[in-house]
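In case you want the letters, here they are:
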Amino acid sequence: MHAPLNASGPLHGLRVIELAGIGPAPLCGMLLADLGADVIVIERPSAAAEPERIGTGAALNRGKRSVCLDLKTMAGREAARAMILSADALIEGFRPGVMERLGLGPQSFTEPHPRLVYGRITGWGQTGPWAHRAGHDINYLALSGALSIASRPGQAPSAPASMLGDMGGGAMFLALGLLSALLEAQRSGQGQVIDAAIVDGLGTLSSLVLAMGSEGHWQDRAQDNFFLHNSPFYDCFECADGKFLSLGAIEAPFYAQLLQGLGFDDVDPGLQMQSSEWPALRERVSERIKTRSRDQWMNDLAGLECCVAPVLSMDEAARHPQQQARASHVMVEGHWQASPAPRFSRSTLRTPQAGPKPGEHTEQVLAELGLSLPQAEGLT
């Protein structure tokens, strides 16, 4: 039995229809639901029989209502259309043209629902020579240039799974676009289409690096760039227990305290940015950090401002005192879920819970639209 889907969040009263998909679209819907929106996800009738649905499921569907419709049938499409007409916004993550072929493209709502904000999320965008090409997070990172700055010397580029591209460049920018368009629609009375391409979002996320390059502070030569795993003060180093410690002492005062904490009294902190000094000192730092465990280092460096943090597993992160103090994670049915973010001074956000079963709210939602079960026969 799920808790009532109510909240006094800042998006309370907003209705969003989400077409079930994977990755960024479900996360965007989850973010809006966390903030109080009534998010109704339309799933395939076969969803209930799918034991493992990658990128969806309980966590990403939390706070939403679930309806199963067969969009291959006229009755299913008409029910979906009625739901969209009742909503403020729509989220879909199909390849370009799929919604149009279903008769549910944005043009079909221009006259009957001019205020509708129509959110579309794809990897490459709705237009361009790659618009219809298949792809995943790693491909979008590669084309955007972001993957090229996530490499170690002599090793293939690597990046955290799905977080940077799908979720950062995709879901977050789709959410921003939807809320911006909804705000504008209050003034103009007109909705619009949001074309959220993950590669576009990644380009925007790269703005700091681009700015640093224009100012001469970003070096293409990895040997001279402390971000690219060559320096002794900005990287992750293995400890005696096989765990890792992250160092981020970029600024001079932090670097000086790091040297103090490591016991390197013979190193001149004034030479920090001379990259010719890095290889030898990096080797010393690596050897020194391997002499103690990760937690020993955290204890020994606790009194210093040297920008150090332990590299934690996902489970360790949820249990860390900082995360616990902020209730940043909640245990739901034996699994961690991240709490809604950001925090608000007045609005109360939804407490994380298990997502609905596929089709759990079909009868309820169709009844709200005046569609009886006989009319919707064969949809669930």
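A brief structural summary. (Residues numbered from 1 in each chain as written. Predicted model: local features only at pLDDT ≥ 70, side-chain atom pairs only at ≥ 80, totals over all residues. Heavy atoms only, no water.)

1. Quick word on the packing of helix H5 (residues 137-144) against helix H6 (residues 163-188)
Turning to step 1, where the next piece is worked out: Close contact between H5 and H6 brings their axes to 7 Å; oriented N to C, the two are set at 75°. Considering the angle they form, H5 stands roughly perpendicular to H6. Where H5 approaches H6, its residues Asp 137, Tyr 140 and Leu 141 are matched on the opposing element by Leu 164, Gly 165 and Asp 166.
Turning to step 2, where the next piece is worked out: Its residues assigned to classes, the contact of H5 with H6 shows 3 nonpolar, 1 polar and 2 charged. (Axes fitted to C-alpha atoms, helices over the stretch in contact; angles between N-to-C directions. Helix = DSSP H or I, 4+ residues; strand = E, 2+ residues; numbered from the N terminus. Parallel < 35°, antiparallel > 145°, perpendicular 65-115°, else oblique. Contact = heavy atoms within 4.5 Å. Nonpolar A, V, L, I, M, F, W, Y, C, P; charged D, E, K, R; others polar.)

2. Brief notes about the sheet that holds strand E8 (residues 244-248)
Turning to step 1, where the next piece is worked out: The 3 strands lie next to each other as E7-E8-E9, forming an open sheet whose pairing is antiparallel. Each having just a single partner strand, strand E7 (234-238) and strand E9 (308-310) make up the two edges of the open sheet. Direction aside, neighbouring strands of the sheet carry axes that sit 20° apart on average.
Turning to step 2, where the next piece is worked out: When E7 meets E8, the two strands line up antiparallel, connected through 5 bridges. (Pairing = 2+ DSSP bridges.)

3. Considerations on the nonpolar core
Turning to step 1, where the next piece is worked out: Core analysis: the largest hydrophobic core is formed by 37 residues, its most contacted members being Val 16, Cys 28, Leu 32, Ile 91, Leu 174 and Leu 178.
Turning to step 2, where the next piece is worked out: Among the elements of the structure, helix H1 (24-34), strand E4 (89-92), strand E5 (117-122), H5, H6, strand E6 (193-197) and helix H7 (198-205) are those that each provide at least two residues to this core.
Turning to step 3, where the next piece is worked out: Among all residues touching Leu 178, those that are not within four sequence positions of it are Cys 28, Leu 32, Ala 89, Leu 90, Ile 91, Val 117, Gly 119 and Ile 194.
Turning to step 4, where the next piece is worked out: One finds Phe 233, Phe 237, Leu 247 and Val 308 within the second-largest nonpolar core, a separate group that totals 22 residues. (Core = buried A, V, L, I, M, F, W, Y, C linked by side-chain atoms within 4.5 Å. Buried < 20%, exposed > 50% of the residue type's maximum accessible area, 1.4 Å probe, protein only.)

4. Looking at the pattern of salt bridges
Turning to step 1, where the next piece is worked out: For the structure on display, the rule yields 16 salt bridges.
Turning to step 2, where the next piece is worked out: Here Lys 64 makes a salt bridge to Glu 18, at a shortest N to O gap of 2.7 Å. Of this pair, Lys 64 sits in the loop between helix H2 (57-60) and strand E3 (65-68) while Glu 18 is found in strand E1 (residues 15-19), placing the two residues 46 residues apart along the sequence.
Turning to step 3, where the next piece is worked out: Owing to a relative accessible area of 1%, Lys 64 belongs among the buried residues under this scheme.
Turning to step 4, where the next piece is worked out: With a relative accessible area of 1%, Glu 18 lands in the buried category. (Salt bridge = Lys/Arg side-chain N within 4 Å of Asp/Glu carboxyl O.)

5. Considering the environment of Ala 222
Turning to step 1, where the next piece is worked out: Note on placement: Ala 222 falls in the loop between helix H8 (207-214) and E7.
Turning to step 2, where the next piece is worked out: Relative accessible area serves as the criterion here: at 25%, Ala 222 is assigned to the partly exposed category.
Turning to step 3, where the next piece is worked out: Each C-alpha atom of the pair Ala 222 and Phe 173 lies 30 Å from the other, and the pair is 49 residues apart in sequence.
Turning to step 4, where the next piece is worked out: If near-sequence neighbours (up to four positions away) are discounted, Ala 222 is found in contact with Leu 228 and Asn 230.

6. Quick word on the sheet that holds E3
Turning to step 1, where the next piece is worked out: Strand order in the open sheet formed by 6 strands is E3-E2-E1-E4-E5-E6, and the pairing between neighbours is parallel. On the outer flanks of this sheet lie E3 and E6, each paired with one strand and no other. For this sheet, the mean angle separating the axes of adjacent strands, direction not counted, is 20°.
Turning to step 2, where the next piece is worked out: Here strand E2 (residues 38-43) runs beside E3; their pairing, made up of 4 bridges, is parallel. Looking across to E3, one finds that Ile 40 is bridged to Arg 65.

7. Quick notes on the side chain of Gln 126
Turning to step 1, where the next piece is worked out: Within the secondary structure, Gln 126 sits in the loop between E5 and H5.
Turning to step 2, where the next piece is worked out: The class of Gln 126 is buried, set by a relative accessible area of 19%.
Turning to step 3, where the next piece is worked out: Residues within four places of Gln 126 in sequence aside, it is in contact with Pro 96, Arg 120, Ala 131 and Asp 195.

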